[in-house]
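For reference, the chains in residue letters:
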Amino acid sequence: MNKCALKFVIWWLFLNKAFAVSIFEISASGEHAFGPNETQAQACELAASKAKKDALIKHFGELVGQKSLLECDSSIQKATGNDCELFESSWSLINSNGYIKGTDFQSTPYFSELQKAYVCRVEGIVIIEEFAGKADTSFETRVGLAEGLTLREGDQPQIRIKSNKPAYHYVFYWAPYHDRDNYHRLFPNAVDGQSGASQQLTIPSAEAITTYNIDVTLPKDSNFSSEYLILLSFKEPLQDVPETISESGFFSWLQSFRRDLWTQDKMSYRIIGGSI
């Protein structure tokens with residue numbers, strides 16, 4: 001083992017001891033029926049998302065405070081199969097109490113006489129890691145878009161943040177049609193920063209709006225997209241906030257902070273081409 005690896009192991013052991021990480025194995029299952037416009041692989045992926053959600057509900061109870069997420073309309077479903085539904089299902093798994101660290105699933109496709117369709121059933125073990133420590137339930141934050149939940153390509157939206165306590169705010173976005181694997185930091189950025197804790201914030205700020213805008217774009221050859229914002233609000237300023245980070249890396253990064261120091265909010269929005 002090299003010195004760098006040894007240092008990492010020592011740091012991780014210290015982190016686990018300091019924050020008393022709790023890990024649980026939950027039995028869960030999910031099913032999804034599919035037809036001629038959907039592949040078995042897509043159906044099994046959706047079934048796996050349902051199994052993960054089943055595990056989170058079993059462990060934490062109903063996901064209290066979840067915002068209602070956008071549902072794809074019939075035209076989007078016809079154009080894309082179940083991609084949007086899949087992204088929404090995945091998004092619902094982001095939870096303030098803990099996260100899914102891993103799974104051990106088995107997939108079983110079969111024909112359902114009841115549904116008159118082929119079904120993929122996924123069942124197995126979901127490994128849940130709780131965020132260490134106790135959250136400050138009095139610390140709340142909210143994120144929204146001034147333009148609402150539907151944007152058009154070419155719009156330059158403003159993000160609005162409001163918290164009930166002065167805080168330092170960090171905004172990430174997930175655009176699965178552009179980059180399914182990673183979250184990207186939107187704020188603070190090289191042009192637009194925050195000098196102190198605040199309860200209300202507009203991004204771009206009044207000072208920076210003449211320098212940059214948030215551009216709304218669509219994937220190539222697509223007339224719609226679903227995207228998502230994650231707001232993290234901290235009582236203390238952070239150093240070395242990642243610009244790009246995977247989902248698993250994002251949760252591991254959050255685990256390195258005392259749970260009472262941060263809170264989060266999230267929202268989904270739709271981008272469409274042409275006129276509304």
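Just so it is clear, the model here is predicted, and its values are computed rather than measured.

Undergrad: Explain the overall build of the protein to me, and be specific about the residues and the numbers.
TA: The secondary structure content of the protein amounts to 5 helices and 11 strands. Buried positions account for 42% of the 276 residues belonging to the protein. Across the protein, the fraction of contacts at a sequence separation of at least 24, relative to all contacts at a separation of at least 6, is 75%. Roughly 14900 Å² of accessible area belongs to the protein as shown, and the carbon and sulfur atoms make up 50% of that amount.

Undergrad: Could you give an account of the sheet that holds strand β2 (residues 98-112), with specific residues and numbers?
TA: On the basis of which strands lie adjacent, the open sheet formed by 3 strands has the order β1-β3-β2 and antiparallel pairing. Each of the sheet's edge strands pairs with one partner strand only, and the pair in question is β1 (23-34) and β2. Averaged over all adjacent pairs, the angle separating strand axes in this sheet is 20°, with direction ignored. One ladder, built from 14 bridges, connects β2 with strand β3 (residues 117-130); its direction is antiparallel. The residue bridging Y99 from the neighbouring strand is E129, located in β3. Strand contacts of helix α2 (residues 40-60): β1, β2 and β3, with the helix running at about 140° to β1, the strand carrying the most contacts.

Undergrad: An account of the packing of aromatic side chains is requested, with residue identities and associated values reported.
TA: Using the criterion set out here, one finds 16 aromatic pairs in the structure. Centre to centre, the rings of F34 and Y118 are 6.3 Å apart; their planes meet at 35°, and the pair counts as tilted. With F34 in strand β1 and Y118 in strand β3, this pair connects stretches of sequence that are 84 residues apart. For the ring pair W174 and Y183, a centre distance of 6.2 Å and an interplane angle of 70° mean the geometry is edge-to-face. For the cation-ring pair, R259 lies above W262, with the distance from its terminal atom to the ring centre recorded as 3.7 Å.

Undergrad: Which residues make up the state of the cysteines, and what values do they have?
TA: Counted by the stated rule, this structure contains 1 disulfide. Disulfide pairing is shown between C44 and C120; the S-S distance is 2.0 Å. Note on the C44 and C120 pair: the S-S dihedral is about 105°, so by sign convention the disulfide is right-handed. Pair noted here: C44 is in helix α2 and C120 is in strand β3, with a separation of 76 residues, a long-range link. Each of the two residues, C44 as well as C120, counts as buried.

Undergrad: With reference to specific residues and values, describe the environment of E140.
TA: With respect to the helices and strands, the residue E140 is situated in the loop between β3 and β4 (141-145). Residue E140 is classed as partly exposed on the basis of its relative accessible area of 42%. In the structure, E140 is positioned 24 residues away from N164 in sequence and 5.8 Å away in space, judged by C-alpha atoms.

Undergrad: Lay out the environment of K165 in plain terms, naming residues and giving numbers.
TA: Relative to the assigned elements, K165 resides in strand β6 (residues 159-174). The contacts of K165, once residues within four sequence positions are left out, are D136, S138, F139, S198 and Q199.

Undergrad: Hey, could you go over the pairing of β6 for me, with residue numbers and the actual values?
TA: As defined by bridge partners, β4 adjoins β6 across 5 bridges and the pair is classed as antiparallel. Residue pairing for β6: L145 is matched across the bridge by I159. Across 5 bridges, β6 lies against strand β8 (residues 198-203) in antiparallel orientation. The partner of K162 across the bridge, within β8, is Q200. Here β6 pairs with strand β7 (residues 182-187) via 3 bridges, running antiparallel. Bridge pairing in β7 links Y173 to H184.

Undergrad: So what about the side chain of H32? Which residues, and what values?
TA: When you line up the elements, H32 lands in strand β1. Within the local environment of H32, its side chain forms a polar contact with the side chain of K50, the two groups lying 3.1 Å apart.

Undergrad: Give me the lowdown on the pattern of salt bridges, citing residues and values where you can.
TA: Enumeration over the complete set of coordinates arrives at 10 salt bridges. Note that E123 and R121 form a salt bridge whose closest N and O atoms lie 3.5 Å from each other. For R121, a relative accessible area of 26% translates into the label partly exposed. Among the ionic pairs, K165 bridges to D136, the shortest N-O distance being 3.1 Å. Of the two residues, K165 sits in strand β6 while D136 sits in the loop between β3 and β4, which places them 29 residues apart along the sequence. Judged by its relative accessible area of 26%, K165 falls in the partly exposed class. A single network of salt bridges, built from pairs that share partners, joins E31, R121 and E123.

Calculation rules
- Residues numbered from 1 in each chain as written.
- Predicted model: local features only at pLDDT ≥ 70, side-chain atom pairs only at ≥ 80, totals over all residues.
- Heavy atoms only, no water.
- Helix = DSSP H or I, 4+ residues; strand = E, 2+ residues; numbered from the N terminus.
- Buried < 20%, exposed > 50% of the residue type's maximum accessible area, 1.4 Å probe, protein only.
- Contact = heavy atoms within 4.5 Å.
- Areas by Shrake-Rupley, 256 points an atom, 1.4 Å probe, with all protein chains shown as cover.
- Pairing = 2+ DSSP bridges.
- Axes fitted to C-alpha atoms, helices over the stretch in contact; angles between N-to-C directions.
- Phe/Tyr/Trp six-rings, centres within 6.5 Å; stacked < 30°, edge-to-face > 60°.
- Lys NZ or Arg CZ within 6 Å of the ring centre and 35° of its normal.
- Disulfide = S-S within 2.5 Å.
- Polar contact = N/O pair within 3.5 Å; in protein donor to acceptor, adjacent residues only side chain to side chain.
- Salt bridge = Lys/Arg side-chain N within 4 Å of Asp/Glu carboxyl O.

Take it as geometry only, folks, not as evidence of what the structure does.
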